[in-house]
Amino acid sequence: MNTFESEAIDYRSERLKYWNDINAFAPRAQSAYYRRKLISTYRQLVPENLSILELGCGQGDLLFALNPSHGVGVDFSKSAIDRAISFHPHLEFILADAQNVELGERYFDYIIVSELVNDVWDVQTLLESLKKYCSPSTRVIFNFYSHLWNIPLAIAGKIGVASPKLAQNWLAPQDMKNLLEISGFQPLRHWTEVLIPIRIPFISDFSNRYLTKLFPFRYLSMANFMVARPLLVPKVITPSVSVIVAARNESGHIKELIARIPEMGAGTEIIFVEGHSSDDTYEVIEREIAAHTNKQCKLIKQQGKGKGDAVRAGFDLAKGDVLMILDADITVPPEDLPRFYALIANGDAEFVNGVRLVYPMEGDAMRFANLIGNKFFSWAFSWLLGQSIRDTLCGTKVLWREDYNRIAENRSYFGDFDPFGDFDLLFGAARLNLKILEVPIRYRARRYGETNISRWKHGWLLLRMVAFAARRIKFI
């Protein structure tokens, strides 16, 4: 046995004794507020009734609170596992070292690593061992202490407010991002929680809900949270495509639109959803479908109102592995769709959004007030969602059909007051921690008819949606 191996064994033995002693009893009452705050944060991140693996599960309280369809907790402390089995017998608990646990051939929707990376001997080995339990859609969530809390935690341990800590790995967020990248994961977003870890009436709740998300307070917060995804090959190597076209008063664009939408992947279907037009859009679509027998086209008449409702109707009818939204006004060139497809098909992204604000636009493509509004909302939504969103209202969006189904299942979390459909998808993608990328496109001026967007009415609605999303995503 070499010196390095001997040091690792001594390190593990010291911690095993420490955690066995700690977990022989119920958690300290003084830490109850902090533990409740962590549980609350995880419940916002992880939907119920999914498969969850938690490494370093302790006595199983966090795993239990998430109400998994199948939950597996792993800890190397026998006293922790014994208490977890006693308290939560319907969950599965395994006594093992998180760095080399063997669970057989199974995959989890979420893997939770809560306050473990500060304590393990080899973080990279831990991360690399996780990949065999990941599918391409698995999300791994970490929380770990901020280095700034090294001294306060030591003091809290000495006075009995917190459990005394052994020497820790004090990882800055950049350290953790680097470890994830060299271990085959992609960090998706990072934020902070818990500015005040003990209960002080009103002050703690206000600070931990609002101030911890704002500069400069976020740098003083106790807990760093990070979400990552494994870099794995998508399940479907050559996916098929459904292109959804919501068309209202667009008869002048239909013939050109059908001709220009390219074939992609294993097959491309075009689904037209006609939305109560005052012109002959429906009849023109029927005629052009009959004239283009080489294209897989479908046509339905929208029952509800608004583009969002039309898109959902098209998605419900779609059979493709990948769903695309394309506006019928051809302001976004259909020839750009393969660029969106490539990012999804090769696994670089899970949600692809068009961005109109990079290349120069044609003169009448976007009015000045609309341009200013788009830039404001791009900043607001980037801050809210934790991923860069340059253009929230670009009508071209692409995602996997199975991810859309998951978004639809969780739609009640945000409510149903988005007439555009863009924010329903963006909010849902952010809640599922999908990897979002944007494709710059050259935005064209409309050549037929008039826009269905009302600048001031819909602008006010967007402001309301920003405020609502802030309460449901940022300030939770």
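Up top is the structure.
Together, Ile 198, Ile 200, Phe 202, Ile 203 and Phe 206 make up an exposed nonpolar region whose accessible area comes to about 460 Å². With respect to the helices and strands, the residue Ile 203 is situated in helix 8 (residues 203–209).

Those residues of helix 4 (residues 78–87) not exposed but buried are Ser 79, Ala 80, Ile 81 and Ala 84. Where the residues of helix 4 are buried, they touch helix 1 (3–22), strand 2 (70–75) and strand 3 (92–95).

Attention now moves to empty space enclosed by the protein. Remark: the empty space left among the atoms is shown by a probe the size of a water molecule rolled over them. Evaluated as defined, the whole model comprises three cavities of 30 Å³ or more. Looking at the second largest cavity, its volume works out to about 50 Å³. Forming the walls of the second largest cavity are Ile 407, Asn 410, Arg 411, Phe 414, Asp 424, Gly 428, Arg 431 and Leu 432. A per-element tally of the lining of the second largest cavity places helix 15 (residues 422–431) first, with three residues.

What follows covers the packing of helix 5 (residues 123–130) against helix 7 (residues 173–182). Where helix 5 contacts helix 7, the axes come no closer than 9 Å and their chain directions differ by 50 degrees. When the axis of helix 5 is compared with that of helix 7, the two are oblique. Judged by the sense of rotation from one axis to the other, the crossing of helix 5 with helix 7 is right-handed. Together, Val 123, Gln 124, Leu 127 and Glu 128 of helix 5 and Met 176, Leu 179, Leu 180 and Ile 182 of helix 7 make up the contact between the two elements.

One pass over the structure, following the stated rule, counts twelve aromatic pairs. Look at Trp 191 and Phe 225: their rings are 5.4 Å apart centre to centre, the planes differ by 20 degrees, and that puts the pair in the stacked class. A residue pair is termed long-range when its members are at least 10 positions apart, and Trp 191 in strand 6 (residues 185–193) and Phe 225 in strand 7 (residues 223–230) qualify at 34 residues. Across the pair, exposure class does not vary: Trp 191 and Phe 225 are buried alike. A centroid spacing of 4.6 Å and a plane angle of 70 degrees characterise the contact between Phe 315 and Tyr 404, whose relative ring orientation is edge-to-face. With Phe 315 in helix 11 (residues 307–317) and Tyr 404 in helix 14 (residues 401–409), this pair connects stretches of sequence that are 89 residues apart.

Attention shifts here to the sheet that holds strand 10 (residues 296–301). The strands making up a sheet associate through hydrogen bonds between their backbones, and the pairing can be parallel or antiparallel. Strand order in the open sheet formed by seven strands is 10-9-8-11-13-12-14, with mixed pairing between adjacent strands. The outermost strands of the open sheet, each flanked by one partner alone, are strand 10 and strand 14 (436–440). Strand-to-strand twist in this sheet, taken as the mean axis angle between neighbours without regard to direction, amounts to 20 degrees. When strand 12 (residues 351–355) meets strand 13 (residues 397–400), the two strands line up antiparallel, connected through three bridges. Across the sheet, Asn 353 pairs through a bridge with Lys 397, a residue of strand 13. Sheet strands touched by helix 14: strand 11 (322–325) and strand 13. Its angle to strand 13, the strand with the most contacts, is close to 95 degrees.

Attention shifts here to the pairing of strand 8 (residues 241–247). Burial analysis of strand 8 places six of its seven residues in the buried class, which makes it a mostly covered element. Handedness of the crossover joining strand 8 and strand 9 (residues 268–274) through helix 9 (residues 254–260) is recorded here as right-handed. Summarising the sheet, strand 8 and strand 11 pair through four bridges and their orientation is parallel. Across the sheet, Val 241 pairs through a bridge with Val 322, a residue of strand 11.

This paragraph deals with the nonpolar core. Ranked by internal contacts, the top residues of the largest apolar core, which has 40 residues, are Phe 315, Leu 385, Phe 423 and Phe 427. Of all the secondary structure elements, the ones that give two or more residues to this core are strand 9, helix 11, strand 11, helix 13 (368–385), helix 14, helix 15 and helix 16 (455–474). Once you skip the residues sitting within four places of it in the chain, Phe 315 turns out to touch Ile 244, Leu 323, Met 324, Ile 325, Leu 399, Tyr 404 and Leu 425. Val 241, Cys 297, Leu 337 and Trp 400 belong to the second largest nonpolar core, which has 36 residues in total.

What follows is about the pattern of salt bridges. When charged atoms on two side chains of opposite charge get close, those side chains can pair. With the rule as written, the count across this model stands at 20 salt bridges. For the salt bridge of Lys 132 with Glu 102, the shortest nitrogen-to-oxygen distance reads 3.0 Å. Of the two residues, Lys 132 sits in the loop between helix 5 and strand 5 (134–145) while Glu 102 sits in the loop between strand 3 and strand 4 (108–114), which places them 30 residues apart along the sequence. Glu 102 gets classed as exposed once you look at its relative accessible area, which sits at 61%. In this structure, the salt-bridge partner of Lys 213 is Glu 193, at a minimum N-O distance of 3.4 Å. Taken together, the residues span a long stretch of sequence, with Lys 213 in the loop between helix 8 and strand 7 and Glu 193 in strand 6 at a distance of 20 residues.

Reading the values: the criteria
- Residues numbered from 1 in each chain as written.
- Predicted model: local features only at pLDDT ≥ 70, side-chain atom pairs only at ≥ 80, totals over all residues.
- Heavy atoms only, no water.
- Patch = residues over 30% accessible without salt bridge, like charges linked within 9 Å, V, L, I, M, F, W, Y side chains within 5 Å.
- Areas by Shrake-Rupley, 256 points an atom, 1.4 Å probe, with all protein chains shown as cover.
- Salt bridge = Lys/Arg side-chain N within 4 Å of Asp/Glu carboxyl O.
- Helix = DSSP H or I, 4+ residues; strand = E, 2+ residues; numbered from the N terminus.
- Buried < 20%, exposed > 50% of the residue type's maximum accessible area, 1.4 Å probe, protein only.
- Contact = heavy atoms within 4.5 Å.
- 1 Å grid on protein atoms, 1.4 Å probe; cavity = no way out; pocket = protein on both sides within 12 Å on 5 of 7 lines; lining within 4 Å.
- Points joined across faces, edges and corners; volume = space filled by probe spheres on them.
- Axes fitted to C-alpha atoms, helices over the stretch in contact; angles between N-to-C directions.
- Parallel < 35°, antiparallel > 145°, perpendicular 65-115°, else oblique.
- Left-handed = near helix turned anticlockwise from the far one by under 90°.
- Phe/Tyr/Trp six-rings, centres within 6.5 Å; stacked < 30°, edge-to-face > 60°.
- Pairing = 2+ DSSP bridges.
- Right-handed = clockwise from strand over helix to strand, strands pointing away.
- Core = buried A, V, L, I, M, F, W, Y, C linked by side-chain atoms within 4.5 Å.

By themselves, these are just geometric observations and shouldn't be taken as functional.
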